[in-house]
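Residue strings, one per chain:
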Amino acid sequence: MQTPPNPDSGALLFSQMLEILINGLARGSVYALVALGYTMVYGILGMINFAHGEIFMIGMFAAVFALGAMGSAGLVAVGITLPLAILLAMALSAGFGVMNERIAYRKLRGAHLLAPLTSAIGMSIVLQNFVMLSVTKGKVDFPRAVAQPLANTTWSLGPVQLTALQAVIFATTFALMCGLFWLVQRTRLGIALRAVAQDRTMASLCGMKVDRLIAFAFALGSALAAAAGAMVAMYQGVLRFDSGYMIGLKAFTAAILGGIGNIPGAVLGGLIIGLTEDLTSYTIKSEWKQTTAFAILILVLWLRPRGLLGERVADKV
Amino acid sequence: MADALLRLESARTGYGPNDVLHGVSLTVREGEIVTLLGGNGAGKTTTLGVLSGIVGLRQGKVVWEGRDISGQATADRLRQGLVLCPEARRIFARLTVEENLIAGTWVRDPKLNKAKLEKTWERFPILGQRRKQLGGTLSGGEQQMLAIARALMGEPKLLMLDEPSLGLAPLIVEQIFRILVEINAAGTPVLLVEQNAHQALKIAHRAYVLATGEIVREGTGSELLASDEVRRAYLGED
Ligand SMILES: Nc1ncnc2c1ncn2[C@@H]1O[C@H](COP(=O)(O)OP(=O)(O)O)[C@@H](O)[C@H]1O
Ligand SMILES: [Mg+2]
């Protein structure tokens, strides 16, 4: 998500503010999608999935390869290939997410917190190296034929421009988030996921297959991360085996900021971090954007240790 | 005499190297309310754990409708109608009353069963009034009712309850026990674990007394209620 050159300091024009808003929200909604995966796994297991950034990265690669394969097969209509590539990336990452749970988490569920943390960091290194060694050490380009037309198509939104690429990001993230909220809040399956998150023993006394539901939570979070990966790959134009690191860290920060374990909190945290970064890039300097994002995190945690929408300990019966 | 619905035969189990249950046997027949009494740490919860499959057996077996189900998982036992309403109620505090009940239907209904919910609101009007409230906001008595209602959603052929009277005011306890009698009258056998021996014996057809992992007495409810020894040891009377 590139940022335009720093304007002179001084009052921000209305049009500039709108532009910051659009760019910041686009960036933030991607963070939010990734943050949802952190928060769901934490919500259900009470553990942080440190391999989540790599699941995101695998989604990036999967989308690019799917588009490449479809392109060489002569399938070029972006309206078909892009959604298909995103879906494929989501499915593949979901598979990796389930594998991650199986290998790095399941056996360690009752163990000390440091054990799954270490195994997840191990998993993250393994996945990075796997992609580095089996795919490439170097950078991979996102197919220009797909991204370019979307980046060049623009609509005027009052004084500012919205690119089709940004519109795709907004539409996709919005649809996925609504889908997730609906699933978690309105369906039987969502009730079961929340039941497992609250009391695993009681959930199994209701006949719920706890292992499967936990794996499902990993799959869901991973699929969302892959969708985010596909969109970031498209926006940035290049990707590499370590592309998941920074965004994973930021999305993790977003989840903490919003209150880890809380689904609307992850969305809120993602949007705040995204907006902060763009605001910093415009008003100060692009190099400072990470500093301010993390400064906000520290400030919020100082005032509200459980995050913006996090529950107080007393609320957890 | 009616056939045994559930039989626990010489159950031995424990958590560490030492056994907590030393060969516990008990039987529940169709139509009965059976109560398992005993003080703190006697092994009552462990016995229910063995029956529902949460706690593994070291020796002995669980026989359900004539078949050995000792090796079966909790979910499989549930599906056959062996439903436990656990100690300390274990309401999902951050699910609504209605969602708690839907969680209880998990093992039976592949889809949301509206008719079942309607029946619950009729039977427990207070839960109907609070259906959108979070489970954690209910009073202790309401939570116990919700726990029982949730267990009923699993359509038990045998309802097992672990100390449903714990921590509740006497009036509420009476109400809970009345509900258990109604459930039994409607055809569901009940295995009731209690420390509140006096109340439990009044509604039970038969009773067992468990002390440090062994059955030390058994008899009909009225026999044990009349027994001086039981009154002294387990009813806290002189
Ligand atoms: N999860 C457990 N781990 C270790 N020991 C346990 C566990 N649960 C119960 N015990 C021990 O087993 C014995 C019986 O406990 P329990 O079945 O809970 O008794 P009751 O329900 O009659 O109070 C007690 O000595 C208790 O300390
Ligand atoms: Mg107990």
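Refer to the structure presented above.
Note that this is a predicted model, so its numbers are computed, not measured.

Basis of the calculations
Residues numbered from 1 in each chain as written. Chains lettered and ligands numbered in written order. Predicted model: local features only at pLDDT ≥ 70, side-chain atom pairs only at ≥ 80, totals over all residues. Heavy atoms only, no water. Near = heavy atom within 4 Å. Polar contact = N/O pair within 3.5 Å; in protein donor to acceptor, adjacent residues only side chain to side chain. Areas by Shrake-Rupley, 256 points an atom, 1.4 Å probe, with all protein chains shown as cover. Donors = N, O, S within 2.8 Å, 3.2 Å for Na, K, Ca; no water. Helix = DSSP H or I, 4+ residues; strand = E, 2+ residues; numbered from the N terminus. Buried < 20%, exposed > 50% of the residue type's maximum accessible area, 1.4 Å probe, protein only. Phe/Tyr/Trp six-rings, centres within 6.5 Å; stacked < 30°, edge-to-face > 60°. Core = buried A, V, L, I, M, F, W, Y, C linked by side-chain atoms within 4.5 Å. Pairing = 2+ DSSP bridges. Axes fitted to C-alpha atoms, helices over the stretch in contact; angles between N-to-C directions. Contact = heavy atoms within 4.5 Å. Buried area = accessible area lost by both parts, 1.4 Å probe. Salt bridge = Lys/Arg side-chain N within 4 Å of Asp/Glu carboxyl O. Nonpolar A, V, L, I, M, F, W, Y, C, P; charged D, E, K, R; others polar.

Novice: Just give me the short version of the site of ligand 1, but keep the residues and values in it.
Specialist: Residue and element names in this part refer to chain B. All residues adjacent to ligand 1 are Y15, V20, G39, N40, G41, A42, G43, K44, T45 and T46. A42 places a main-chain nitrogen or oxygen 3.2 Å from an oxygen atom of ligand 1. In the environment of ligand 1, an oxygen atom lies 2.4 Å from a nitrogen or oxygen atom belonging to the side chain of T46. For ligand 1, the protein covers 56% of the area, taking 560 Å² as the surface of the free molecule.

Novice: Residue-level account of the coordination of the magnesium ion (ligand 2), with values.
Specialist: All names here are of chain B. Around the magnesium ion (ligand 2), the protein supplies T45 (OG1) and E87 (OE) as donor atoms, at distances of 2.0 to 2.4 Å. Of this pair, T45 sits in helix α1 (residues 44-52) while E87 sits in the loop between β6 (82-85) and α3 (97-104), placing them 42 residues apart in sequence. Assessed through its relative accessible area of 33%, T45 is described here as partly exposed. In this structure E87 comes out as partly exposed when scored by relative accessible area, which is 30%.

Novice: I'd like a description of the packing of aromatic side chains, backed by residues and values.
Specialist: Residues and elements named next belong to chain A. The tally for this structure, following the rule as stated, stands at five aromatic pairs over all chains. With centroids separated by 5.5 Å and ring planes inclined at 50°, the aromatic side chains of Y38 and F252 adopt a geometry described as tilted. Of this pair, Y38 sits in helix α1 (residues 14-45) while F252 sits in helix α10 (residues 243-258), and the two are 214 residues apart along the sequence. Members of the aromatic cluster, each reached through a chain of ring pairs, are Y38, F50 and F252.

Novice: Which residues make up the nonpolar core, and what are the values?
Specialist: Counting 172 residues, the largest nonpolar core has L33, L36 and M208 of chain A together with I148, L158 and L191 of chain B as the members making the most contacts within it. Top contributing element to this core by residue count: helix α9 (residues 210-236) of chain A, with 19 residues.

Novice: Hey, could you go over the sheet that holds strand β8 (residues 190-194) of chain B for me, with residue numbers and the actual values?
Specialist: All names here are of chain B. Pairing in this open sheet of six strands is mixed, and the strands run β6-β7-β8-β3-β9-β10 from one edge to the other. Strand pairing shows two members of the sheet lacking a second neighbour, β6 and β10 (214-220), which therefore form its edges. Each strand of the sheet is rotated relative to its neighbour by a mean of 15°, with strand direction disregarded. Looking at chain direction, strand β3 (residues 33-37) and β8 are connected through five bridges and run parallel. What sits directly across from I33, in β8, is V190. Sitting on the sheet, helix α6 (residues 140-153) is in contact with β6 and β7 (158-162), with an inclination near 170° to β6. Across the sheet, helix α7 (residues 170-185) lies against β3, β7 and β8, angled at about 160° from β8, the strand it touches most.

Novice: Describe in detail the sheet that holds strand β2 (residues 21-29) of chain B, supporting the description with residues and values.
Specialist: Two modes of strand pairing occur in sheets, parallel and antiparallel, and in both the strands are linked by backbone hydrogen bonds. Residue and element names in this part refer to chain B. Pairing is antiparallel in the open sheet, where four strands are placed in the order β2-β1-β4-β5. Of all strands in the sheet, those bounded by a partner on one side alone are β2 and β5 (67-68). Sitting on the sheet, α1 is in contact with β1 (4-13), β2 and β4 (59-64), with an inclination near 115° to β1.

Novice: Pulling in residues and values, what's your account of the environment of V83 of chain B?
Specialist: Residues and elements named next belong to chain B. Checked against the element boundaries, V83 lands in strand β6. For the pair formed by V83 and G71, sequence separation is 12 residues and the distance between their alpha carbons is 17 Å. Excluding residues within four positions of it along the chain, V83 makes contact with L78, A151, G154, P156, L158, L159 and M160.

Novice: Describe in detail the interface of chain A and chain B, supporting the description with residues and values.
Specialist: The interface is formed by 22 residues belonging to chain A together with 25 residues belonging to chain B. When the area that chain A buries against chain B is broken down by residue, the three leading residues are R188, Q198 and L205 of chain A, summing to 35%. Taken together, the connections running from chain A to chain B amount to two salt bridges. For the salt bridge of E99 of chain B with R194 of chain A, the shortest nitrogen-to-oxygen distance reads 2.9 Å. At the surface where chain A touches chain B, the tally comes to seven residue pairs in polar contact (both at pLDDT 80 or more). At the level of elements, α7 (188-198) and α8 (200-205) of chain A are the ones that each hand at least two residues to the side of chain A that touches chain B. Looking at the side of chain A that touches chain B, the element that brings in the most residues is α7 of chain A, giving seven residues. Here the side of chain A that touches chain B is built from residues that sort into 10 nonpolar, five polar and seven charged.

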